[in-house]
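# Structural description and commentary
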Amino acid sequence: MRLFCHFVAFLAALLLSVHPAAAQSVLRDAETEALLNDMAAPLVKAAGLEPGNVDIILINDPTINAFVAGGQAVYIHSGLINAADTANEVQGVIAHELGHITGGHIVRFDEGMAAASNISILSLLLGVGAALAGAGDAAIGIMQAGQRAALGKFLAFSRVQESSADAAGAEYLSKAGISGRGSLAFFGKLQSLEFRYGVSQDDDAAFTRTHPLSGDRIARLRETYIVDPSWNAPDDPRLQARFERVKAKLYGYLAEPQKTLSAYPKYDTSIPARYARAYAYHKSALIDNAMKEAEGLLATDPENPYFLELAGQVRLESGDPQGALPYLRKATDNSGSQPLIAAMFGHALIATEDPARFEEAERVLKSAVARDRLNPFAWYQLGVVYAARGDMPRARLASAEQQVMSRRYPEALRSAQAAEMGLERGTPDWIRAQDIALQARAELERMRDRK
């Protein structure tokens, strides 16, 4: 029985590994999200999906990975962005993940799990029979063999899905007129990592993997790509320039400042280098240096909303909300009131502690959450405004919105119930409070059932 429990634990761990977003933080940045969506748009169309219905989500994780986890969402690790040299490489990854979505691989994941589980249960029954007959050693051997067969069955199922996604990704790149050079280049990086970490390239070892060997994938895909009309299609220079900016921006935000300053030395006055150094200086509380880099960026493009956002962020987070307002107001206007930028602007208005600015803050923040409800920071700031003017039911509703997104379900339930009691019955806010309470209660029940 213990052997079977170990197998069940393995399957549970495997299931969790397919849905890692719950244990990792999502990185949200207006410029990065705009870039990823623009990179994915032609591929999403080629896959026969609606661009507005597919989310590309950045995960704060240094490992080189991407995955799908139900629905029409592609999760990309920050480590993958850092490892890629071109936007075309990342497009190759996105195309592959879209292949998992169109192939229904997450839905069909249960098929692979069911086949593996059935074999394991059969081996357990045979093992129990042998044990009852007095053949204890034979029982252990049968159950161990059953576990190996179950694992092998599941891994084979996974490898078939990966090969299917590779083929679909190649098709979508071709339909979108995007070269497969980046896809092959990225698989080459993965193969180099396999060599570096001593991953066996033997055929026998391939049967213990969830993915086909990178060398096999490269060989198979190369035959497809080199005869494709899009093979020699040039990379989009504007997309590549944006990618280099975002890559440097993420590096500066996530890496230790000293590493950033080493990777992007002072004599490098390119836009990506200035971006990275601005965040490195900001993290080191060297505000004058950070603003110098931000102003250097603005000198190249005074109307760029993301450069304005950076300057405003440095001012705001260094304790100067008044100085941040001109930058963030202009960034909000120039970005068409992009919700993440608008939320920061609303925060700056509140941070001035000037009640005369709260009406504008409320208007800006309500617009931000109306366009992007999945922004707990904006909901928190909106709750601050409501509380400041004494509207406690809506302050509690805003808190409930923020808490349920942060998976703080007991607090979300209490806040939603308190909001419901104070709001006029039948209004949209009253109905929303009920919805959050139901969601929080359902999640708490699931958590109790899992325990």
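Because the structure is a prediction, the values reported are computed rather than measured. (Residues numbered from 1 in each chain as written. Predicted model: local features only at pLDDT ≥ 70, side-chain atom pairs only at ≥ 80, totals over all residues. Heavy atoms only, no water.)

A count of helices and strands for the chain gives 21 helices and 4 strands. Within the chain, the fraction of its 451 residues that count as buried is 48%. By sequence separation, contacts in the chain at least 24 residues apart represent 63% of the contacts at least 6 residues apart. Carbon and sulfur atoms make up 55% of the accessible area of the chain, which totals about 22,100 Å². (Helix = DSSP H or I, 4+ residues; strand = E, 2+ residues; numbered from the N terminus. Buried < 20%, exposed > 50% of the residue type's maximum accessible area, 1.4 Å probe, protein only. Contact = heavy atoms within 4.5 Å. Areas by Shrake-Rupley, 256 points an atom, 1.4 Å probe, with all protein chains shown as cover.)

Under the 1.5 Å per step criterion, the end-to-end length of helix α13 (residues 287–300) is 20 Å for 14 residues, consistent within 8% with the ideal 20 Å. For α13, the full list of buried residues reads Ala290, Met291, Glu293, Ala294, Gly296, Leu297 and Leu298. Where α13 is buried, its residues meet α12 (271–283), α14 (305–317) and α15 (321–334). (Expected span 1.5 Å × (residues − 1).)

So, about the nonpolar core. Core analysis: the largest hydrophobic core is formed by 43 residues, its most contacted members being Leu43, Ile56, Ile76, Ile81, Val90, Ile94 and Leu98. With 24 residues, the next largest nonpolar core counts Ala361, Trp379, Tyr386 and Ala395 among its residues. (Core = buried A, V, L, I, M, F, W, Y, C linked by side-chain atoms within 4.5 Å.)

A few words now on the confidence of the model for the chain. Per-residue confidence for the chain gives a mean pLDDT of 82, with 78% of residues at or over 70. When mean pLDDT is taken per element in the chain, α15 scores highest with 98 and helix α1 (residues 2–18) scores lowest with 34. (pLDDT = per-residue confidence, 0-100.)

Taken together, the 4 strands give an open sheet; going across it, the order is β1-β2-β4-β3, and neighbouring strands pair in mixed fashion. Edge strands, defined here as strands with exactly one partner in the open sheet, are β1 (26–27) and β3 (66–68). Where β1 meets strand β2 (residues 55–59), 2 bridges bridge the pair, whose relative direction is antiparallel. For Val26, the partnering residue across the bridge sits in β2 and is Ile59. Running over the sheet, helix α2 (residues 30–46) touches β1, β2 and β4 (73–77) and is turned about 135° from β2. (Pairing = 2+ DSSP bridges. Axes fitted to C-alpha atoms, helices over the stretch in contact; angles between N-to-C directions.)

Here we take up the packing of α12 against α14. It is the contact of α12 with α14, at a shortest axis distance of 11 Å, that shows an interaxial angle of 15°. Judged by the angle between their axes, α12 and α14 are roughly parallel. Note on packing geometry: the crossing formed by α12 with α14 is left-handed. The segment α12 lies against α14, with Ile271, Tyr275, Ala278, Tyr279 and His282 engaging Tyr306, Phe307, Leu310, Gln313, Val314 and Glu317. Considered class by class, the residues forming the contact of α12 with α14 number 8 nonpolar, 2 polar and 1 charged. (Parallel < 35°, antiparallel > 145°, perpendicular 65-115°, else oblique. Left-handed = near helix turned anticlockwise from the far one by under 90°. Nonpolar A, V, L, I, M, F, W, Y, C, P; charged D, E, K, R; others polar.)

Let's shift gears to helix α21 (residues 428–450). Each full turn of the α-helix corresponds to 3.6 residues, which orients residues three or four apart in the same direction. Compared with the 33 Å implied by 1.5 Å per residue over 23 residues, the 33 Å span of α21 between its first and last C-alpha is a close match. For α21, the complete set of buried residues consists of Trp430, Ala433, Ile436, Ala437, Ala440 and Leu444. Close packing links the buried residues of α21 with α19 (392–405) and α20 (409–422).

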